[in-house]
Amino acid sequence: MSYFDAASSTPLHPVARQALLASLDEGWADPARLYREGRRARMLLDAAREAAAEAVGCRVDELRFTPSGTHAVHSGIAGALAGRRRVGRHLIVSAVEHSSVLHSAELHEKEGGSVTRVRVDRGGRVTPADYAAALREDTALACLQSANHEVGTEQPVADVAEICRAAGVPLLVDAAQSLAWGPVEGPWSLLAGSAHKWGGPAGVGLLVVRKGVRFAAQGPVDERGYGFENLPAIVAAAASLRAVRAEAAQEAVRLRELTERIRARVPELVADVEVVGDPERRLPGIVTFSCLYVDGETLLHELDREGFSVSSGSSCTSSTLTPSHVLKAMGVLSEGNVRVSLPAGTAAEDVERFLAVLPGVVNGVREKLGAPAPVAVVREDELLVDALGKRCPIPVIELAKVIGDVPVGGLVRVLSDDEAARLDIPAWCEMREQEYVGEEPADKGTAYLVRRTS
């Protein structure tokens, strides 16, 4: 089995395993106690904070461990907003932030605050100018991820941090995906990370609050902060971060070559594929591509049967039926997405086997979804496709089948009640160089209008 989902969680690093087992014997006592066992535990905790602070690039007293990366984000945003409440209640986030950031933003709005969501380009990248334009006199905090978790695009954090510093606004960086590869550059103010993203155990996050940043911790607070620390897990997290950093430069070169191989060869091996995300400014191990006319869930299940654990750039599942907010903001397909995120040590042979298997899997899924489309002729230069009651990618498949049946300049009207069609049909037009005219309300759904241009 080839595990290609490191962006979700990485396997436990061997150094983390060793440190975890060793600290189970040495770090079980309360580090707040003054007797011998407590002092030994305190020494382990202090050493872990020193190692993590060195890797992050901050002072030891600026860093604290949290129960998770999500907890670090939530508490960091809440504390920074509360600390600067006299300034105002305006929050800035990018449209492609992790859900933990966006959920905090939604809660802030419900409690009376205001939020500006900065757009991204088709590669998933913000521009510093857009962050500068979003700043206001009442801006309390800005947030920007260091790299995107779905498509791997790196953000211009250093430039945005400089803009925020000049305006006197703190910037919180969600560095969960990038900390394994190096420290975050620029004068950022707060930073959050998650150990299971870099080979440490789950259940450990870190939050850094720079000295001088106004911060008021929210919720019940005592001298223990977040309670009794999971010291063995913290020690393992710090040890693994130091270990992966020592290997990062060499491993980044190797993984980047493997992902570039996937980026180049998938469009050659599979028809109607678009590789998404910024082609240059990206993390070494992540590559995401969109396959037209494919159901994402079915594709992942078939790849799993072939021995590959991959994820999707789409969060559209049978339980939520909600397209990925990242892909929606980028304007790319929400269906048929495959995210390959390679863990350290991935063998080139596994990548070659994936490339050999993928075309057959995609073609097989397309055949299963290839049912004929019901088409009605409205006028000679206009067709009506009734895809009501059918989940994407069926509306897109049916559109693709009939676009050639109208003359150049003719119109295809696609009826659909699947929310994903609002994203996928315009994205299909972008890929196939057809004109997306817009949408109109229909009796039981929405009519999406596409004009044939070639």
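Think of each chain on its own: its residues are numbered from 1, step by step along the sequence as written. The predicted nature of this model means local features are confined to residues of pLDDT at least 70 and side-chain atom pairs, given and counted, to a pLDDT of 80 or more, with totals for whole chains, interfaces and linings taken over all residues. Side-chain metrics rest on all non-hydrogen atoms present in the structure, leaving aside hydrogens and water.

Focus: the overall build of the protein
Phase 1 of the analysis: Runs of E in the DSSP output that reach at least two residues are strands. Runs of H or I that reach at least four are helices, and both are numbered from the N terminus. Per the secondary structure count, the protein includes twelve helices and 17 strands.
Phase 2 of the analysis: Here the radius of gyration uses the C-alpha set of atoms, whereas the globule reference equals 2.2 Å times the residue count to the power 0.38. Taking 454 residues into account, the globule formula puts the C-alpha radius of gyration at 22 Å, and the protein, at 24 Å, falls close to it.
Phase 3 of the analysis: Across the 454 residues that make up the protein, the buried fraction comes to 53%.
Phase 4 of the analysis: Taking the contacts inside the protein whose residues are at least 6 apart along the sequence as the reference set, 72% of them involve residues at least 24 apart.
Phase 5 of the analysis: Of the roughly 19700 Å² of accessible surface on the protein, 51% is carried by carbon and sulfur atoms.
Phase 6 of the analysis: In this tally Asp and Glu are treated as negative and Lys and Arg as positive; neither His nor the chain ends contributes. To locate a charge, take atom NZ for lysine, CZ for arginine, CG for aspartate or CD for glutamate. Treating the 50 positive side-chain charges of the protein as one cloud and the 62 negative ones as another, the clouds have centres 6 Å apart. Relative accessibility decides the category of a residue: with a 1.4 Å probe and only protein chains considered, values under 20% of the type maximum give buried, values over 50% give exposed, and everything between is partly exposed. What makes two residues a contact is simply this: any of their non-hydrogen atoms within 4.5 Å. Computed with the Shrake-Rupley method and a 1.4 Å probe, the accessible areas treat only the protein chains shown as cover for residues.

Some words on the packing of helix H8 (residues 296-305) against helix H10 (residues 348-368)
Phase 1 of the analysis: With their axes 10 Å apart at the nearest point, H8 and H10 run at an angle of 135° to one another. Accordingly, the angle class assigned to the pair H8 and H10 is oblique. For the pair H8 and H10, the crossing hand works out as right-handed. Contacts from Thr298, Leu299, Glu302 and Leu303 in H8 reach Phe354, Leu358, Val361, Val362, Val365 and Lys368 in H10. Each axis is a line fitted through C-alpha atoms, and for a helix only the stretch in contact is used; angles between axes span 0 to 180 degrees, taken between their N-to-C directions. The cut-offs work like this: below 35 degrees is roughly parallel, past 145 is roughly antiparallel, 65 to 115 is roughly perpendicular, and the gaps in between are oblique. For a crossing to be left-handed, the near helix must be turned anticlockwise from the far one by less than a right angle; the clockwise case is right-handed.

Looking at the confidence of the model for the protein
Phase 1 of the analysis: Every residue is assigned a pLDDT by the predictor, reflecting its confidence on a scale from 0 to 100. Mean pLDDT over the protein works out to 92, with 94% of the residues at or above the 70 mark.
Phase 2 of the analysis: Low pLDDT (under 50) marks residues 315-320, which in the prediction has twelve contacts with non-local residues, meaning those over four places away or in another chain.

Quick notes on the sheet that holds strand E12 (residues 337-341)
Phase 1 of the analysis: Judged by pairing direction, the sheet is antiparallel, and its three strands sit side by side in the order E9-E10-E12 without closing on themselves. The sheet is open, and its two borders are formed by strand E9 (273-276) and E12, each paired with just one other strand. Ignoring which end each strand starts from, the neighbouring axes of this sheet average 25° apart.
Phase 2 of the analysis: Judged from the five bridges that link them, strand E10 (residues 286-291) and E12 form a sheet pairing that is antiparallel. Each bridged residue has a counterpart across the sheet, and for Val287 the counterpart in E12 is Val340.
Phase 3 of the analysis: Those strands touched by helix H7 (residues 231-269) are E9, E10 and E12, and its axis lies near 15° from that of E10. At least two DSSP bridges between two strands are required for those strands to pair.

With respect to the sheet that holds strand E3 (residues 90-94)
Phase 1 of the analysis: Pairing within the open sheet is mixed, and its seven strands lie in the order E2-E8-E7-E6-E5-E3-E4. The sheet is open, and its two edges are formed by strand E2 (63-66) and strand E4 (114-118), each paired on a single side. Within the sheet, the average angular offset between the axes of one strand and its neighbour, ignoring direction, is 20°.
Phase 2 of the analysis: Strand direction decides the pairing type here: E3 and E4, joined by five bridges, are parallel.

Considerations on H8
Phase 1 of the analysis: Gly296, Leu299, Glu302 and Leu303 are the residues of H8 that are buried. Summarising the axial view, the buried residues of H8 lie within an arc of 130°, below the 170-degree limit, and thus occupy one face. Exposed and facing more than 90 degrees away from the buried side of H8 are His301 and Arg305.
Phase 2 of the analysis: Next to the buried residues of H8 lie E10, strand E11 (308-309), E12 and H10.
Phase 3 of the analysis: Just past H8, the residue Gly307 takes up positive phi, approximately 100°. This arc is built from the directions going out from the helix axis to the C-beta atoms.

What to know about the side chain of Glu302
Phase 1 of the analysis: Locating Glu302 in the fold gives a position in helix H8.
Phase 2 of the analysis: For Glu302, a relative accessible area of 18% translates into the label buried.
Phase 3 of the analysis: For Glu302, the residues in contact, after removing those within four places along its chain, are Val361, Val365 and Lys368.

Re the packing of H7 against H10
Phase 1 of the analysis: Where H7 contacts H10, the axes come no closer than 10 Å and their chain directions differ by 15°. As far as their axial angle goes, H10 and H7 are roughly parallel. Note on packing geometry: the crossing formed by H7 with H10 is right-handed. Contacts between H7 and H10 pair Leu258, Arg261, Ile262, Arg265, Val266 and Leu269 from the former with Ala348, Val351, Glu352, Leu355, Leu358 and Pro359 from the latter.

Some words on the pattern of salt bridges
Phase 1 of the analysis: When a carboxyl oxygen of Asp or Glu lies within 4 Å of a side-chain nitrogen of Lys or Arg, that pair is called a salt bridge. Under the defined criterion, the tally for this structure stands at 28 salt bridges.
Phase 2 of the analysis: We note a salt bridge from Asp46 to Arg42, for which the minimum N-O separation is 3.4 Å. Here Arg42 and Asp46 lie together in helix H2 (residues 36-56), a separation of four residues that amounts to about one turn.
Phase 3 of the analysis: Here Glu352 and Arg261 are joined by a salt bridge, their closest N and O atoms 2.8 Å apart. Pair noted here: Glu352 is in helix H10 and Arg261 is in helix H7, with a separation of 91 residues, a long-range link.
Phase 4 of the analysis: Each of Glu257, Arg261, Arg265 and Glu352 takes part in salt bridges that share partners, so that together they form one network.

Things to note about the environment of Trp28
Phase 1 of the analysis: Relative to the assigned elements, Trp28 resides in the loop between helix H1 (14-26) and H2.
Phase 2 of the analysis: Through-space distance from the C-alpha of Trp28 to that of Arg40 is 9.4 Å; in sequence the pair is twelve residues apart.
Phase 3 of the analysis: Apart from residues lying up to four places away in sequence, Trp28 is in contact with Ser23, Glu37 and Phe228.
Phase 4 of the analysis: Two N or O atoms count as a polar contact when they lie within 3.5 Å, although within protein this holds only if one can serve as hydrogen donor and the other as acceptor, and sequence-adjacent residues are included solely when both atoms are side-chain atoms. Here Asp25 takes part through its backbone oxygen, which lies 3.2 Å from a polar atom of the side chain of Trp28.

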